[in-house]
Every structure is written in C-alpha cells, then in structure tokens.
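# Reading the structure
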Amino acid sequence: IAVVKNPSFGVYVEEIPGATFIHMDVLKWTKTVRKEFLAAWFSWAKRQTCFLYAMPFIDDKKMAKWTKLCGFEFVDHQLCLDGVIRKLYLWRNNHG
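A brief structural summary. This is a predicted model, so every value here is computed, not measured. (Residues numbered from 1 in each chain as written. Predicted model: local features only at pLDDT ≥ 70, side-chain atom pairs only at ≥ 80, totals over all residues. Heavy atoms only, no water.)

## Structural notes on the sheet that holds strand S1 (residues 2-6)
Operational definition: By the convention used here, strands pair only if DSSP detects at least 2 bridges between them. Under the scheme used here, helices are H or I runs from DSSP no shorter than 4 residues and strands are E runs no shorter than 2 residues, and both carry numbers assigned from the N terminus. In this description, a line fitted to the C-alpha atoms serves as the axis of each element, helices being fitted only across the stretch in contact, and the angle between N-to-C directions of two axes falls anywhere from 0 to 180 degrees. We call two residues in contact when some of their heavy atoms are within 4.5 Å.
Spatial ordering of the open sheet is given by S1-S2-S3-S4-S6-S5, a layout of 6 strands whose pairing is mixed. Only two strands of the sheet have a single neighbouring strand rather than two, namely S1 and strand S5 (73-79). Each strand axis lies, on average, 30° off the axis of its neighbour in the sheet, ignoring direction. The strands touched by helix H1 (residues 31-45) within the sheet are S1, strand S2 (9-16), strand S3 (19-26), strand S4 (52-54) and strand S6 (85-91), with S2 carrying the most contacts at an inclination of about 30°.

## Structural notes on the nonpolar core
As a reminder of what qualifies: The definition of a nonpolar core used throughout is a set of buried Ala, Val, Leu, Ile, Met, Phe, Trp, Tyr and Cys residues joined through side-chain atoms within 4.5 Å. The rule is simple: take the accessible area with a 1.4 Å probe, protein chains only, and divide by the maximum for that residue type; under 20% is buried, over 50% is exposed, in between is partly exposed.
Within the largest apolar cluster, 19 residues are counted, with the highest numbers of intra-cluster contacts made by Ile22, Met24, Phe37, Trp41, Trp44 and Phe72. Elements supplying a minimum of two residues to this core: S2, S3, H1, S4 and S6. Counting residues per element, this core draws most heavily on H1, which supplies 6 residues. Ignoring sequence-local partners within four residues, the contact set of isoleucine 22 consists of Val11, Tyr12, Val13, Trp41, Trp44, Leu52, Tyr53, Ala54 and Phe72. Counting residues in hydrophobic clusters, the runner-up holds 5 residues, among them Ala19, Tyr53, Leu88 and Leu90.

## Points about the environment of valine 75
Among the structural elements, valine 75 can be located in strand S5. Spatially, the C-alpha atom of valine 75 lies 18 Å from that of lysine 62, the residues being 13 residues apart in sequence.

## Re the pairing of S2
Where S1 lies against S2, 4 bridges are found, and the strand directions are antiparallel. Bridged to alanine 2 within S2 is tyrosine 12. Note that S2 and S3 share 8 bridges and pair antiparallel. Looking at the pairing, valine 11 lines up with methionine 24 of S3. The antiparallel pairing of S2 with S3 creates a hairpin that spans 2 residues between the two strands, and glycine 18 there sits at a positive phi of about 90°.

## Some details on the side chain of threonine 67
Here threonine 67 is to be found in helix H2 (residues 61-69). Look past the residues within four positions of threonine 67 in its chain and what remains in contact with it is Pro56, Phe72 and Tyr89.

## Describing the layout of surface pockets
The cut-off we apply is this: Site definitions follow a grid-based scheme: protein atoms alone, a 1 Å grid, a 1.4 Å probe that fits but cannot get out for cavities, and for pockets an open set with protein on both sides within 12 Å along at least five of seven lines, plus lining residues having an atom within 4 Å of a point. Grid points are joined across faces, edges and corners, and a volume is the space filled by probe spheres set on the points. Gly falls in the polar group here, along with every residue not listed as nonpolar (Ala, Val, Leu, Ile, Met, Phe, Trp, Tyr, Cys, Pro) or charged (Asp, Glu, Lys, Arg).
Counted as a void, the largest pocket has a volume near 1000 Å³. Lining the largest pocket are 32 residues, with Met24, Met55, Pro56, Phe57 and Met63 sitting closest to its centre. Where the lining of the largest pocket is concerned, the elements lending two or more residues are S2, S3, H2 and S5. Partitioning the lining of the largest pocket into residue classes produces 20 nonpolar, 3 polar and 9 charged.

Below, the structure written as structure tokens:
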C-alpha cells in the first residue's frame, strides 16, 4: 500500500502478521528530492503508532547510510525465506 507518493519517490507498507515493513523507491536522488523525501517520510512515520521495519535486499555502505538517514536502527540478522541472511532494521516513533 502506498503511503507516501511523489513523482520522484514512494514509500509503501507491507503488513505481515505482527510487523509492518517499509519499502522505499527513489527514482533519482538529488538535493531537492532528498529534502522532499525526508520531509514526507518523517511527516508520515512520526504519525505511526507501530514499529516500522525495513530489510533491504542490498547490503552496502550506501544502504547503511540510507537507513541511518531515515532513522532506522539495526536490530539483527534474519534468515529470509529465500535462504539469504539480511539485516533487519527498526524505526521507532521516538525521534522528537
């Protein structure tokens, strides 16, 4: 379900029993898109009453920077259904 829509980016939620996962897509990253994205993301996320999880498919320095920028904290390594171990991140509504 799309919760943040913009021509340059989108944030989607996937409800799994007991957890809400976030998916984010950015078409082209610029300073303007960064500013708009972070404003939209935090505006929406701060209104949420549940924990939000992210589990990026890519595990590199760029993704680590991205999760930190969005306010996620590393929780644990998780074995996924496809047999790949991925990092699990958590966003809690305690950022102000």
